[in-house]
Amino acid sequence: MEHHHHPEASAGQPARQPAKERKRIGDRGDFFLNRIQGEAGVNISACYQCERCTNACPVSHYMDIKPHQVMRYIQLGWREELLKSATIWVCLSCEMCTTYCPNEVDVAETINHLRNIAAQSSVAPEYESLAVFHQTFLDVLRTSGRVNEIRLMSAYYSKLNILKEKMKDGSLKDEILVGMSLLRKGRLKLLTPRSRAIKELQKAHHRISGEMD
Ligand code: SF4
Ligand code: SF4
């Protein structure tokens, strides 16, 4: 006899629901999902994981959480994973993802919003120099009203010096490579003349790689 059916269990209250209250209290998924949907005005619930956003993204290769996964993480309430991800700093805001989404989910705006939250959050980014680079970009924009190439580069390098000890364990080299790819992909297309900014970074990259060999 494997199945014991107690008549009172099926007749009266169907089954105890011990997890119900606890589940509701601990349900951070809906809280975070609702927050991001409300603040960013994006219908993230509509995402059904077709991955077209990721396939359209020119830099998804460099992302630890792919664009379609970002949507899923938000649905699941995985706030911290998102805020410390490289993805939010790697994203170029090029809006290819949004353009290709069949459900009109504004993926680019969502990631942009996560980046803004992360910039003010105490969650430490997993790739520090990417966050430093982005923060420097914002600092220069705030102080000079526009992105000034010289100021951006000098501010970035002075901040980068702080991270120099990281070169020893090799992690910085990877981060610089990602930074280089961002420049090549036109992240800094606002900067003119563009070639000068790229040359500067290339020089720094060669210098750092040389030191590491
Ligand atoms: S906006 Fe960001 S996530 Fe979307 S396609 Fe561009 S780089 Fe990729
Ligand atoms: S393209 Fe739209 S529906 Fe498809 S995975 Fe990306 S966000 Fe979700």
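Quick summary incoming for the structure in this document.

The rules behind each value
- Residues numbered from 1 in each chain as written.
- Chains lettered and ligands numbered in written order.
- Predicted model: local features only at pLDDT ≥ 70, side-chain atom pairs only at ≥ 80, totals over all residues.
- Heavy atoms only, no water.
- Helix = DSSP H or I, 4+ residues; strand = E, 2+ residues; numbered from the N terminus.
- Buried < 20%, exposed > 50% of the residue type's maximum accessible area, 1.4 Å probe, protein only.
- Contact = heavy atoms within 4.5 Å.
- Areas by Shrake-Rupley, 256 points an atom, 1.4 Å probe, with all protein chains shown as cover.
- Near = heavy atom within 4 Å.
- Nonpolar A, V, L, I, M, F, W, Y, C, P; charged D, E, K, R; others polar.
- Axes fitted to C-alpha atoms, helices over the stretch in contact; angles between N-to-C directions.
- Left-handed = near helix turned anticlockwise from the far one by under 90°.
- Phe/Tyr/Trp six-rings, centres within 6.5 Å; stacked < 30°, edge-to-face > 60°.
- Salt bridge = Lys/Arg side-chain N within 4 Å of Asp/Glu carboxyl O.

**Examining the overall build of the protein chain**
Consideration 1: Looking only at helices and strands, the protein chain has 13 helices and zero strands in total.
Consideration 2: Each helix and strand of the protein chain, ordered N terminal to C terminal, gives the series α-α-α-α-α-α-α-α-α-α-α-α-α.
Consideration 3: Split into buried and exposed, the 213 residues of the protein chain put 41% on the buried side.
Consideration 4: Contacts in the protein chain between residues far apart in sequence, at least 24 positions, make up 66% of those at least 6 positions apart.
Consideration 5: As displayed, the protein chain offers around 12,900 Å² of accessible surface, 50% of which is attributable to carbon and sulfur atoms.

**Regarding the site of ligand 1**
Consideration 1: As a structural note, the neighbourhood of ligand 1 is formed by 14 residues, with Cys57, Cys91, Cys94, Glu95 and Cys97 the closest of them.
Consideration 2: Contributing elements (two or more residues each) for the shell around ligand 1: α8 (96-100) and α9 (107-119).
Consideration 3: Residue composition of the shell around ligand 1, by class: twelve nonpolar, one polar and one charged.

**Description of unusual backbone geometry**
Consideration 1: Here the phi dihedral of Glu51 falls at roughly 75 degrees; this positive angle occurs in a residue that is not glycine.
Consideration 2: Within the element layout of this structure, Glu51 appears in the loop between α3 (28-40) and α4 (52-56).
Consideration 3: Of note, Glu104 is a non-glycine position whose phi angle comes to about 55 degrees, a positive value.
Consideration 4: Turning to its location among the elements, Glu104 is positioned in the loop between α8 and α9.
Consideration 5: Classification of Glu104 by relative accessible area gives exposed; the value is 71%.

**Topic: the site of ligand 2**
Consideration 1: The full set close to ligand 2 counts 14 residues, and Cys47, Cys50, Glu51, Cys53 and Cys101 are the nearest of them.
Consideration 2: If you list the elements that add at least two residues to the shell around ligand 2, you get α4 and α5 (67-76).

**Some points on the packing of α5 against α9**
Consideration 1: Two numbers describe how α5 lies on α9: the axes approach to 10 Å, and their chain directions differ by 65 degrees. The hand of the α5/α9 crossing is left-handed. For the pair formed by α5 and α9, the contact residues are Pro67, Val70, Met71 and Ile74 on the first element and Val107, Thr110, Ile111 and Leu114 on the second.
Consideration 2: Counted by class, the contact of α5 with α9 contains seven nonpolar, one polar and no charged residues.

**Comments concerning the packing of aromatic side chains**
Consideration 1: All told, the structure shown has one aromatic pair when counted by the stated rule.
Consideration 2: For the pair Tyr73 and Trp78, a centre-to-centre distance of 4.9 Å together with 70 degrees between the ring planes defines the contact as edge-to-face.

**With respect to the pattern of salt bridges**
Consideration 1: One pass over the full model with this rule turns up one salt bridge.
Consideration 2: Of the charged contacts, one joins Glu39 and Arg35 as a salt bridge, the two residues approaching to 3.0 Å between their closest N and O atoms. Of this pair, Glu39 and Arg35 both sit in helix α3, separated by four residues, roughly a single helical turn.
Consideration 3: Given a relative accessible area of 29%, Arg35 falls into the partly exposed group.

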